[in-house]
Amino acid sequence: MGLDLTGVIPPLVTPFTADGSIDEAAYRKVIRFNLDKKVHGVCPGGSTGEGHTFTVDEFKRVMEITAAEVAGQVPIVAGIISNSTRDAINRAKAIAHLPVAALQVTPVHYLFKPDEQATHNHFKALTEAVDTPVVIYNVVPWNYLNPAQMIRLMKELPGVQGIKQSQGDLKLMADLLLGVPGGCKVFSAVDALLYSSFALGAHGTIAATPAALPGVCVNLWNTVQAGDHVKALEMHKSMLAFWNALVGDNLPANIKTSITLQGCEAGLPRAPMPATGEEQRRKIEAAMEDVLRFDA
């Protein structure tokens, strides 16, 4: 029995108030905004959700709100961003009472890189401590896992049942899909090339673009699954232009701006991340005007 996750799973933004508190009412609206777009799952607490800034109590509270709002309609993938094995385990145990389908776990991301065996031991300890399946978020540049390492983790650790593959190397994505063990899943976080990822056979996406444009991404997924690659390529071109306008060091803030422009107030980023600048906003608005014609 493999991991029962597929399709478009947006990493939810976390609205903050001016003083840096979580705006719970706004967060509930963000969840409902995504559910209304017919997403296939949600992922709170990831990098798009600024989960790296959460205390353990905030992490637990965000997951509790998500579970209450989702109410079993779609699977929940809980994002864990932690610098230590102990903390990752503590966070996973803090939400063991909730209906979470999987944990999205980022490799340790402090400056000093653990070697391959240390990274293996980290995920081994985590998967032995909790029963929830783990999807590894392969994104940290100085602790980047190659396809052979990821396939080894999935083969040797039954609790590791998926990979969220980032970066822009489609050859790496293709190699990973070629060797992924049966029952395990590969999710694309290659935002500029979601169409290409879907065409190669990625099992879905957990990425920034779905967070900003959930309806468009659901439409793209459905279009590729239906085999309409002419339309999918047209969508890709518009989505790429949008991504080029969206991407920046304050990406979560820009995603919040995109959601707000669609009528769902998404709040502020947590300091010291700056809010979307005026020039950024103009570019996002211009690109969004075109890409929303594909909104589901």
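Residues numbered from 1 in each chain as written. Predicted model: local features only at pLDDT ≥ 70, side-chain atom pairs only at ≥ 80, totals over all residues. Heavy atoms only, no water.

Topic: the overall build of the protein
Here's step 1: Within the protein one finds 12 helices and 7 strands.
Here's step 2: Its C-alpha atoms give the protein a radius of gyration of 18 Å, near enough to 19 Å, the size a compact globule of 296 residues would have.
Here's step 3: Oriented by its inertia axes, the alpha-carbon framework of the protein measures out at about 45 × 45 × 35 Å.
Here's step 4: Within the protein, the proportion of its 296 residues that are buried is 57%.
Here's step 5: Pairs at least 24 apart in sequence give 71% of the contacts found in the protein among residues at least 6 apart. (Helix = DSSP H or I, 4+ residues; strand = E, 2+ residues; numbered from the N terminus. Rg over C-alpha atoms; globule rule 2.2 N^0.38 Å. Buried < 20%, exposed > 50% of the residue type's maximum accessible area, 1.4 Å probe, protein only. Contact = heavy atoms within 4.5 Å.)

Focus on the packing of aromatic side chains
Here a ring pair, both rings aromatic, is described through the centre-centre distance and the interplanar angle of the planes.
Here's step 1: Evaluation of the coordinates by the stated rule reveals 1 aromatic pair.
Here's step 2: Considering the side-chain rings of F198 and W221, the 4.9 Å spacing of their centres and the 90° angle between planes classify their relative orientation as edge-to-face. Pair noted here: F198 is in helix α7 (residues 194-200) and W221 is in helix α9 (residues 214-225), with a separation of 23 residues, a long-range link. (Phe/Tyr/Trp six-rings, centres within 6.5 Å; stacked < 30°, edge-to-face > 60°.)

Here's the deal with unusual backbone geometry
For residues that are not glycine, phi is negative in most cases, and the peptide bond is trans in most cases.
Here's step 1: Here the residue pair A271 and P272 is connected by a cis peptide bond, since its omega of 15° sits within 30 degrees of zero.
Here's step 2: Relative to the elements of secondary structure, P272 occurs in the loop between α11 (251-261) and α12 (278-291).
Here's step 3: Its identity is not glycine, yet A71 carries a phi of approximately 50°, on the positive side.
Here's step 4: Summarising the element assignment, A71 is placed in the loop between α2 (56-70) and β2 (77-80).

A short note on a nonpolar patch on the surface
Here's step 1: Taken together, Y110, L111 and F112 make up a surface patch of nonpolar side chains, about 380 Å² in accessible area.
Here's step 2: The residue F112 is located in the loop between β3 (102-105) and α4 (116-129) in this model. (Patch = residues over 30% accessible without salt bridge, like charges linked within 9 Å, V, L, I, M, F, W, Y side chains within 5 Å. Areas by Shrake-Rupley, 256 points an atom, 1.4 Å probe, with all protein chains shown as cover. Salt bridge = Lys/Arg side-chain N within 4 Å of Asp/Glu carboxyl O.)

Here's the deal with the pairing of strand β5 (residues 160-165)
Here's step 1: Burial analysis of β5 places 6 of its 6 residues in the buried class, which makes it a mostly covered element.
Here's step 2: One crossover worth recording links strand β4 (residues 134-138) to the parallel β5 by way of helix α5 (residues 147-156), and it is right-handed.
Here's step 3: In terms of strand pairing, β5 meets strand β6 (residues 185-188) through 4 bridges, oriented parallel. Of the residues in β6, the one forming a bridge with I163 is V186.
Here's step 4: One crossover worth recording links β5 to the parallel β6 by way of helix α6 (residues 170-179), and it is right-handed. (Right-handed = clockwise from strand over helix to strand, strands pointing away. Pairing = 2+ DSSP bridges.)

Focus on the side chain of T127
Here's step 1: Mapped onto the fold, T127 is located in helix α4.
Here's step 2: Among the residues examined, T127 registers a relative accessible area of 14% and is labelled buried.
Here's step 3: Among the polar contacts listed, one links the side chain of T127 to the backbone oxygen of K124, at a separation of 3.1 Å.
Here's step 4: In this view, T127 contacts V134, L157, G159 and V160; residues no more than four positions away in its chain are not counted. (Polar contact = N/O pair within 3.5 Å; in protein donor to acceptor, adjacent residues only side chain to side chain.)

A word on the pattern of salt bridges
Here's step 1: Applying the stated criterion across every chain, the model contains 16 salt bridges.
Here's step 2: Notably, a salt bridge pairs R91 with D87, separated by 2.8 Å at the nearest N-O pair. Linking R91 with D87, this pair stays in helix α3 (residues 85-94), spanning 4 residues, or about one helical turn.
Here's step 3: A residue is classified by how much of its surface remains accessible, and R91, at 8% relative accessible area, is buried.
Here's step 4: Counted as one network, the salt bridges with shared partners bring together E24, R61 and E64.

Focus: the packing of α11 against α12
Here's step 1: At a minimum axis distance of 10 Å, the contact between α11 and α12 shows a crossing angle of 50°. The orientation of α11 with respect to α12, classified from their angle, is oblique. The interaxial crossing formed by α11 with α12 has right-handed handedness. Along the contact surface, α11 presents N254, T257, S258 and L261, while α12 presents Q280, R281, I284, E285 and M288.
Here's step 2: Residue classes in the contact of α11 with α12 are distributed as 3 nonpolar, 4 polar and 2 charged. (Axes fitted to C-alpha atoms, helices over the stretch in contact; angles between N-to-C directions. Parallel < 35°, antiparallel > 145°, perpendicular 65-115°, else oblique. Left-handed = near helix turned anticlockwise from the far one by under 90°. Nonpolar A, V, L, I, M, F, W, Y, C, P; charged D, E, K, R; others polar.)

Description of α5
Working note: α-helix, 3.6 residues per turn, so residues spaced by three or four point in the same direction.
Here's step 1: For α5, the set of buried residues is P147, Q149, M150, I151, L153 and M154.
Here's step 2: Residues of α5 that are buried sit in contact with α4, β4, β5 and α6.
Here's step 3: Looking at where α5 begins, the residue whose side-chain oxygen comes 3.1 Å from the main-chain nitrogen of A148 is N146.

Focus: the environment of V247
Here's step 1: Relative to the helices and strands, V247 resides in the loop between α10 (229-246) and α11.
Here's step 2: A C-alpha to C-alpha distance of 9.3 Å links V247 and Q280, two positions 33 residues apart in sequence.

A word on the pairing of β3
Here's step 1: Side chains A102 and Q104 project from β3 onto one buried face, and the interleaved L103 and V105 project onto a second face that is buried too.
Here's step 2: Here β2 pairs with β3 via 4 bridges, running parallel. Note on β3: the bridge partner recorded for V77 is A102.
Here's step 3: The handedness of the β2 to β3 crossover, carried by α3, is right-handed.
Here's step 4: Inspection of the sheet shows β3 paired to β4 by 3 bridges, in the parallel sense. Counterpart to Q104 in the pairing with β4 is V135.
Here's step 5: Note that the unit made of β3, α4 and β4 has a crossover that is right-handed.

Any functional reading would require information that these geometric values do not contain.
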